[in-house]
Amino acid sequence: MSTKRPKSTTTTSKGKDKKADESSAGSVAGSGHPNDILPLTLTSATQELFGCRCDEDVTGDNPYKILRKEDIVQDMRMRAAVSDFSPVKQLVLDYPEDELLLVYDRDFIYGSSFYLVLTADAKDRHLKPVVALGVEVALEREPSEVFAAQKTSEPQPWISLGSEQEIEEESITDSRPRLKYRISRVRREFGAPIFFSDRNAMETKDGFLECTPYQDKNFSLKQMERHTGVQTIPNLKSSSTQTQWTYPRSMCTQYEPREFSKEEKENCLQSENLKNFVNSVASRFEIAIQQNEIMDVFFDDWKALSEEDSGYGRKADPHLKEYQSFTDLHFSKDKTISNINWHPTINGVIAVAVTERLSFEDRINGSTKLLLNPSLILFWSFSDPINPQLLLECPDDVFSFEFCPSDPNIIVGGCMNGQVVLWDISTHVEQLQGTRTSGGKNIAANTNALQGFEDKRENETPVVRYCAVSGIENGHKAPITDIQWLPGTFEVSRMGVPMENRTGICVQIVTCAPDCCVMFWDIRAPRVLQTMADQQKQKVEEKPLENPHGVPNTFKHLDLTWKPLIRVSLPKIDTSGEYSPLKISLRDNTCDNHTGSNTATQMSRTLNNRAHLNAERSEVAPEYALLRVPSAKQLKPLEDICTQLYAGTEDGELVYTDWKLEKDNDSGRLFSAKPSHRFIIHDGQVNTVRRSPFFKDIILTVGGWTFAIWKEGVMNGPIIQSSCSQKKCTVGYWSQSRPAVLFIGKEDGNIDVWDLLEKTHEPSQTQNITATQITCIKPWIVSSKQHLLAVSDYLGTLHILEIPWTLRSPSSNEKLSMSKYFEKEVDRLVYFEKRREMRAKEKKDSEAEELRKKMEPIIPEKQVEQILEEAMKEYEDYLSLETVILKEMGLLPDTNKLDI
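As the structure is a computational prediction, the values presented were derived from the model and not from experiment. (Residues numbered from 1 in each chain as written. Predicted model: local features only at pLDDT ≥ 70, side-chain atom pairs only at ≥ 80, totals over all residues. Heavy atoms only, no water.)

## Some remarks on empty space enclosed by the protein
Moving on, step 1. Evaluated as defined, the whole model comprises 5 cavities of 30 Å³ or more.
Moving on, step 2. By volume, the largest cavity amounts to about 50 Å³.
Moving on, step 3. Taken together, Ser 735, Gln 736, Ser 737, Phe 743, Pro 779, Trp 780, Ile 781, His 787, Leu 788 and Ile 803 make up the lining of the largest cavity.
Moving on, step 4. Mapped by element, the contributors of at least two residues to the lining of the largest cavity are strand E35 (774-783) and strand E36 (786-793).
Moving on, step 5. Examining the composition of the lining of the largest cavity, we find that 3 residues originate from one element, E35, more than from any other. (1 Å grid on protein atoms, 1.4 Å probe; cavity = no way out; pocket = protein on both sides within 12 Å on 5 of 7 lines; lining within 4 Å. Points joined across faces, edges and corners; volume = space filled by probe spheres on them. Helix = DSSP H or I, 4+ residues; strand = E, 2+ residues; numbered from the N terminus.)

This is the structure:
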């Protein structure tokens, strides 16, 4: 800021009176500037119009700007009172010359940013200052004259410090004279006609050139080092500001509205033009008023939308929001979550299977300690995030478990030792429902009563023992990695043929393990046991066996005697050995609830049906203890059931095979056929094989560092394949409400959200959930306005995330758009396969052609004499033919007739 103080009025007038005789233009007493100049304040529009922008066109070093008198007069005519020159209109018109001088007052010496010179003498004095005056005379001059008399710095001679030698050494010079070439064309070819014709690109070698897009590595090189010659110079720095206040001033502006007078108002109201206008628009005005009564036309929808979308978790927020988290310091300590499942009928209840975080060698060394620490499945409720509500005891760590679709009280799980386990929690359903409905209120109301029992909460959690477990010798020889219920629409016979299910409930299970086989299990009692059960009923005198653990007798007939119904092996196609499956997917095992065109309508129907599902199932709950395996002769085979399945292996392969068994004609033994197709896409073990809930023939596979999307029936490869990510993909899942959205979990704790309608080359968003590996993902629809996503990590913590509106609300015709997109990808894949076959055929034909040319006998080259002799002979034949033609045309006389 400037430290100058403005001169007072008295001092200024006295100073001007003293030098009145020395200056031709003295100042008026009491004024703050000389009489021959006038301060002006120019707006930015005026500065732009006349080219005198502050610190750009005019600066402190060059403050002068010549303005044409004609331009100023024209500006006053065009803008009238709006023009900044209107106060000096008469002075400009009286100015004798055609050009006026405008001076930029940077320091606001005269109170404004500019001042206009009003006389020709003052103009010459400004433009031609006297430099030879002394310091004392210069101090008595006007500030503008002193400013103009300042000298600019003179350039100093350049002193060499040796940098020019380095620049010469770094510069490129020619080591030899440059070569000169002259290219000319034959004179007779100038102006020659040009003929264009069509030809078949397939018949000519190298006649067709395909320009496919590729990444040129020459344009992606990273320059690591560079030789550059640099010459040092002093640093230059310039700074400026638009205005600089020398001292504060009190300023105010008052506005007064301009209104019509009473006479003008009466004349306007009585005018014929106003009456005609009112009569012409009266009908339209009435219609607008009626519409305004029906709908507020002045309502700002865009503003309301922005207000609704503002804030975290609204429509405009695309991120997953932390809703709740579950962890237990006792049951899940030093354990990881291997699988999660939402309860099908009770909202807010989720079950997780926890396993030890130990390697195979550590398990063997600590086997004694593991026996004292039983494996469990924990049931969590939103009403109590601290303590689990129910514990399922397992014979070994469970890697996969599922609720029965027909009866949610029946749970099946696959253990690490290869056993299949069944639980019945029908006696504990009321506790789970009570915890969900009133548990939170009771805890809040009886806080004082529960303070003494907090330490005993662990003992209050009920532990449910399994009802039945398969024999170790009859099950898998490796950990069961995937288990699924077959739907109640069909069942499988011992030959693997789909048969009708008369009961309409789920009675069979399919499992897979890395022991190279897929097994089908039936939970009904065999028919041979029915007679034994009847005989036991007749023995009334015998007392029933004691049941100290309170285990239901639902599956007592299967305990330790349960055997698989079918064992399907997966032999390799080309070599010996078998594939080791980790995940499987059956086509007719997908419950497609979104088959309609309107996804939102189908979602609401699903939610309404789920509200009454618990009551309906309680009325028609099947008694599995009374079910018996029917005879295969009494059942009707089903032809419309697909018996093909996809299996992802631990080697990153995807296998497509048939589970139906074939019979050997010689020995009569049943055996599994070889898979029809095998694909190698993933660079790690496949951890997810899951069908889309909207398309039964669309499958998502995740493994290694990539994921792929397949279409059943298209055996050329995946229709969509992601690029390799920086971190491993551990799990994947489809969205339950949007056909184009899927979630991919990573080993670094991130979740990639892919929206295929928005991007296909990269995820739409990536969000960090935890600091360790994500093990499972499971979405769930609570209501149409709340969708949850359960995410578990390697440290045993269960995260419940709320899915935002953008990821749960489908766009219009999103399912139809995705269907068309998948069809286009299939067409692209088929076209690519045809092109590859065509290129392979062309390469084979070209190689055969080259081989044929090599096998042809070599013709010796002709000598120069022979070539000249043949050319001369052809020329003589041409001359003789020319002579004959000329004679026939009468242009050449006949020599024979002339001789006669």
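## Some points on a negative patch on the surface
Moving on, step 1. A cluster of acidic residues, Glu 164, Glu 166, Glu 168, Glu 169 and Glu 170, forms a negative patch at the surface.
Moving on, step 2. Assignment of secondary structure puts Glu 164 in helix H8 (residues 163-170). (Patch = residues over 30% accessible without salt bridge, like charges linked within 9 Å, V, L, I, M, F, W, Y side chains within 5 Å. Areas by Shrake-Rupley, 256 points an atom, 1.4 Å probe, with all protein chains shown as cover. Salt bridge = Lys/Arg side-chain N within 4 Å of Asp/Glu carboxyl O. Lys, Arg positive; Asp, Glu negative; His and termini not counted. Charge placed at Lys NZ, Arg CZ, Asp CG, Glu CD.)

## Looking at the confidence of the model for the protein
Moving on, step 1. On average, residues of the protein score 79 in pLDDT, and 78% of them are at 70 or above.
Moving on, step 2. Long-range and interchain partners of residues 130-141, a stretch whose pLDDT sits below 50, account for 10 contacts in this model, where long-range means more than four residues apart.
Moving on, step 3. Long-range and interchain partners of residues 306-313, a stretch whose pLDDT sits below 50, account for 11 contacts in this model, where long-range means more than four residues apart. (pLDDT = per-residue confidence, 0-100. Contact = heavy atoms within 4.5 Å.)

## Quick notes on the pattern of salt bridges
Moving on, step 1. Applying the stated criterion to the full structure yields 27 salt bridges.
Moving on, step 2. With a shortest N-O distance of 3.7 Å, Arg 465 and Glu 393 are connected by a salt bridge. Here the residue Arg 465 occupies a position in the loop between strand E13 (463-464) and strand E14 (468-469), and Glu 393 occupies one in strand E9 (residues 390-394), the gap between them amounting to 72 residues.
Moving on, step 3. Looking at Glu 393, the relative accessible area reads 24%, which means it is partly exposed.
Moving on, step 4. Each of Glu 48, Arg 53, Glu 56 and Asp 57 takes part in a single network of salt bridges with overlapping partners. (Buried < 20%, exposed > 50% of the residue type's maximum accessible area, 1.4 Å probe, protein only.)

## So, the pairing of strand E27 (residues 686-691)
Moving on, step 1. Where E27 lies against strand E28 (residues 698-703), 5 bridges are found, and the strand directions are antiparallel. Within E28, the residue paired with Thr 688 across the bridge is Val 702.
Moving on, step 2. Linking two consecutive strands that pair antiparallel, namely E27 and E28, is a turn of 6 residues. (Pairing = 2+ DSSP bridges.)

## Thoughts on the side chain of Asp 55
Moving on, step 1. Among the secondary structure elements, Asp 55 is positioned in the loop between helix H2 (44-50) and strand E2 (64-68).
Moving on, step 2. One buried charge, Asp 55, has no salt-bridge partner; the nearest side chain with opposite charge is Arg 106, at 4.3 Å.
Moving on, step 3. Here the side chain of Asp 55 touches Tyr 104 through a polar contact of 3.5 Å, side chain to side chain. (Polar contact = N/O pair within 3.5 Å; in protein donor to acceptor, adjacent residues only side chain to side chain.)

## Some points on the packing of aromatic side chains
Moving on, step 1. Counting across every chain of the model gives 19 aromatic pairs.
Moving on, step 2. Ring plane angle 65° and centroid distance 6.5 Å describe the contact between Phe 401 and Phe 403, whose orientation is recorded as edge-to-face. Both residues of the pair, Phe 401 and Phe 403, count as buried.
Moving on, step 3. When the centroid spacing of 6.0 Å and the interplanar angle of 45° are considered together, the rings of Tyr 821 and Phe 822 count as tilted.
Moving on, step 4. According to the relative accessible area criterion, Tyr 821 is buried, its value standing at 19%.
Moving on, step 5. Note on Phe 822: relative accessible area 3%, which makes it buried.
Moving on, step 6. Taken together, the ring pairs connect Tyr 323, Phe 326, Trp 342, Trp 380, Phe 382 and Trp 780 into an aromatic cluster.
Moving on, step 7. In this structure, Arg 465 packs its charged tip against the face of Tyr 466, placed 4.8 Å from the ring centre.
Moving on, step 8. Cation over ring: Lys 815 sits above Phe 695, and NZ or CZ is 5.8 Å from the ring centre. (Phe/Tyr/Trp six-rings, centres within 6.5 Å; stacked < 30°, edge-to-face > 60°. Lys NZ or Arg CZ within 6 Å of the ring centre and 35° of its normal.)

## With respect to a nonpolar patch on the surface
Moving on, step 1. Taken together, the side chains of Met 872, Tyr 875, Tyr 878 and Leu 879 present a nonpolar region at the surface, about 420 Å² in accessible area.
Moving on, step 2. Its location among the elements puts Tyr 878 in helix H22 (residues 864-888).

## Some words on the environment of Ser 792
Moving on, step 1. With respect to the secondary-structure elements, Ser 792 resides in strand E36.
Moving on, step 2. According to the relative accessible area criterion, Ser 792 is buried, its value standing at 0%.
Moving on, step 3. As for Ser 792 and Ser 338, which are separated by 454 residues in sequence, their C-alpha atoms are 8.3 Å apart.
Moving on, step 4. Residues within four places of Ser 792 in sequence aside, it is in contact with Ile 337, Ile 340, Gln 773, Ile 774, Thr 775, Cys 776, Thr 797 and Leu 798.
Moving on, step 5. A polar contact of 2.7 Å, which involves the side chain of Ser 792, links it to the side chain of Thr 775.

## As for unusual backbone geometry
Moving on, step 1. One non-glycine residue with positive phi stands out, namely Leu 560, at about 65°.
Moving on, step 2. Examined against the element boundaries, Leu 560 turns out to sit in the loop between helix H17 (528-538) and strand E20 (566-569).
Moving on, step 3. For Leu 560, a relative accessible area of 54% corresponds to the exposed category.
Moving on, step 4. A positive phi angle, close to 60°, is found at Asn 813, a residue other than glycine.
Moving on, step 5. Note on placement: Asn 813 falls in the loop between helix H20 (805-808) and helix H21 (814-855).

## Some words on the nonpolar core
Moving on, step 1. Ranked by internal contacts, the top residues of the largest apolar core, which has 24 residues, are Leu 422, Trp 485, Ile 509, Ile 523, Phe 555, Trp 562 and Tyr 624.
Moving on, step 2. Looking at which element gives the most residues to this core, the answer is strand E19 (residues 517-522), with 3 residues. (Core = buried A, V, L, I, M, F, W, Y, C linked by side-chain atoms within 4.5 Å.)

## Examining the side chain of Thr 461
Moving on, step 1. Residue placement: Thr 461 occurs in the loop between helix H16 (457-460) and E13.
Moving on, step 2. For Thr 461, a relative accessible area of 7% translates into the label buried.
Moving on, step 3. Separated by 3.4 Å, the side chain of Thr 461 and the backbone oxygen of Pro 388 make a polar contact.
Moving on, step 4. Leaving out residues up to four positions away in the same chain, Thr 461 has contacts with Pro 388, Gln 389, Leu 390 and Leu 391.

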